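Letter by letter, the chains look like this.
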Amino acid sequence: MHDIRRIRKDPNEIKESIARKGFDADIEEAVVIDDQWRNRIAQSERLKSELNKASRDIGAVKKAGNDAAEEMKAAKNIRVQIAEIDEEANIFKDKRNSLLLTIPAEPDEKAPEGLTEDQNVIYREATQFSKFDYKIIDHVTLAEELGILDMARGSKITGTAFPVYIGDGATLERALINFMLDEHVHNEDYKEVFIPFLVNRDSALGTGQLPKLEDDMYYVGNDELYLIPTSEVPITNLHRNEILNYKDLPIKYTAYSACFRREAGAYGAETRGLLRIHQFNKVELVQIVEPESSEQTQLDILSSATRLLDMLELPYRVVELCCGELSFAAARCFDIEVWSPATENWLECSSISNFRDFQARRMNLRYREKVGNKPNYPHTLNGSALATSRLMVSILENYQTPERRVRIPRVLKPYMNNLDQIRGNHP
RNA sequence: GGAGGAUUAGCCUAAUUGGUAAGGCAGCGGUCUUGAAAACCGCCGGGACUGACGUCCCUUGCAGGUUCGAGUCCUGCAUCCUCCGCCA
């Protein structure tokens, strides 16, 4: 949520800024409503001051054994006035806040201009491609042939685009997750957390999934809970409504979670097999840092993620999103894309975002630079490192042999009982 | 799910029949000291207004209610503890 004081100072600054994202918002209206709120609050506080004084006087009169009926009557009158004014104040406050909650984060100065995908910028050119002198078949055909993936049964037990991994496929999925977590925890200094996969409404509002993405989340009505679309939501919200000590920063968390996305309206060729599924696995990195260091932190997270792809020896490139492609809460974002040789497509397997103070403000997350100082908003960042489903696609295709087997990437072998190849049903 | 108890600022602990949150520890700044400790002084939940000094409002798990006035009384909810029930 944006700083209403800043908006009041210069409504056009934010208006122009979010226009880079292709957004428009009635910011003047928010200021008008805020004026109304301020007006009521000032009145209310003046009356409360009067009431407090009157009450203390009544106490003194009664203690002295005198009658205070008149004074009590007057005081009651003040209370009634306060109730009326507070009610109005709350209406204005709610109205102002729900308006503010629909205004997206401002893009970073460095975010490239543009509103559509083709205006994204290649931030880092593709790494070395594998050369094949035989035909590579696509991941679904191969995986189902090998018997390590079963889309049809997933569809039977749950619905379309809920994959079932079987045998070495299931082990490979688990190997990827464990490999990535181990790297972040043991070869970097992230703290591992295991979080709930359902969150309440306040959490989803805090990181900015709500109100905009309501239709993209699975909602459990009985308990008013949302299935998480990413572990960013529970992890970042761990410190919602807290005031952190500057000595605690940076906070670095990593977690595995299943992620659930309804992907409303998304069907077609791009959804084939594991390309776009309703439940997938992801290892996430989240950092809470002081504002001055967030730009560097985002690059750090980017290299933590690309390091995994280097180790997995998969071809990838890094794309920086233009303003219009940035998510609601993001100020700047890098996507990492792995190569699918069968379809000759780039597949997004990571998104690394700097939210600056946008999420912190929404969730009232603050830190104190020094004792006695006013609390300040930290910057929050996160990045997938990495989402497994498209890695799986890329592994199945890039590590495919002429015999239609799949070699196991070197770094994953220890996690696969030193298995060399997935042979599946092939001899 | 049921019964009983608990929740006061980072931690610990007070507050008479309802009278407007007292204190300790830790922490930070200062005086003193060669340095440190001790001692002493100040700060030590959030917010609004103000150039500043300050003034005011809110805060006893959360949300309501009763009252001139609520940590205290009433209702609902949450969390924790104990016991019972259920359960991978």
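Quantities reported herein were computed from a predicted structural model and do not represent experimental measurements.

Segmenting chain A into domains produces domain 1 (4–100) and domain 2 (117–422). One C-alpha centre belongs to domain 1, the other to domain 2; they are set 43 Å apart.

In the vicinity of RNA strand B there are 23 residues, among which Arg5, Arg38, Ser55, Arg79 and Arg368 approach most closely. Here, RNA strand B places atoms within 4 Å of the protein, and 65% of those atoms are sugar or phosphate. Within the side chain of Asn52, an N or O atom sits 3.3 Å from a phosphate oxygen of RNA strand B. Met72 places a main-chain nitrogen or oxygen 3.4 Å from a sugar or linking oxygen of RNA strand B. If one sorts the elements of the surface near RNA strand B by residue count, helix α3 (residues 27–63) sits on top with 12 residues.

Moving on: the packing of α3 against helix α4 (residues 69–100). In the contact formed by α3 and α4, the axes pass within 8 Å of each other and the chain directions differ by 155 degrees. Taken together, the axes of α3 and α4 lie roughly antiparallel to each other. Remark: the crossing between α3 and α4 carries left-handed chirality. Considered class by class, the residues forming the contact of α3 with α4 number 17 nonpolar, 4 polar and 13 charged.

Most of strand β13 (residues 379–387) sits out of view: 9 of its 9 residues are buried. Direction of pairing for strand β11 (residues 345–354) relative to β13: antiparallel, over a ladder of 3 bridges. Its bridge partner lying in β13, Ile352 is registered against Gly383.

With that out of the way, let us pick up the confidence of the model for chain A. Summary statistics for chain A give a mean pLDDT of 89 and a share of 97% for residues scoring 70 or more. For this predicted complex, the interface confidence comes out at an ipTM of 0.81, alongside a pTM of 0.90.

Pairing of side chains with opposite charge becomes possible as their charged atoms draw close. Within this structure, the stated rule accounts for 28 salt bridges. The salt bridge partner of Arg201 is Glu214, with a shortest N-O separation of 3.8 Å. Here the residue Arg201 occupies a position in helix α8 (residues 201–206), and Glu214 occupies one in the loop between α8 and β4 (219–220), the gap between them amounting to 13 residues. Residue classification places Arg201 among the partly exposed positions, given a relative accessible area of 38%. Taking relative accessible area as the criterion, Glu214 reaches 31% and is therefore assigned partly exposed.

On the basis of which strands lie adjacent, the open sheet formed by 8 strands has the order β1-β9-β10-β11-β13-β8-β7-β2 and mixed pairing. At either end of the open sheet lies a strand with only one pairing partner, and these are β1 (121–124) and β2 (191–192). Across 10 bridges, strand β7 (residues 251–260) lies against strand β8 (residues 279–289) in antiparallel orientation. Within β8, the residue paired with Cys259 across the bridge is Phe280. Sheet contacts for helix α10 (residues 294–312): β1, β8, β9 (316–320), β10 (332–340), β11 and β13; angle to β13, the most-contacted strand, approximately 5 degrees.

The rules behind each value
- Residues numbered from 1 in each chain as written.
- Chains lettered and ligands numbered in written order.
- Predicted model: local features only at pLDDT ≥ 70, side-chain atom pairs only at ≥ 80, totals over all residues.
- Heavy atoms only, no water.
- Domains from an automatic or database assignment.
- Near = heavy atom within 4 Å.
- Polar contact = N/O pair within 3.5 Å; in protein donor to acceptor, adjacent residues only side chain to side chain.
- Helix = DSSP H or I, 4+ residues; strand = E, 2+ residues; numbered from the N terminus.
- Axes fitted to C-alpha atoms, helices over the stretch in contact; angles between N-to-C directions.
- Parallel < 35°, antiparallel > 145°, perpendicular 65-115°, else oblique.
- Left-handed = near helix turned anticlockwise from the far one by under 90°.
- Nonpolar A, V, L, I, M, F, W, Y, C, P; charged D, E, K, R; others polar.
- Buried < 20%, exposed > 50% of the residue type's maximum accessible area, 1.4 Å probe, protein only.
- Pairing = 2+ DSSP bridges.
- pLDDT = per-residue confidence, 0-100.
- Salt bridge = Lys/Arg side-chain N within 4 Å of Asp/Glu carboxyl O.
- Contact = heavy atoms within 4.5 Å.

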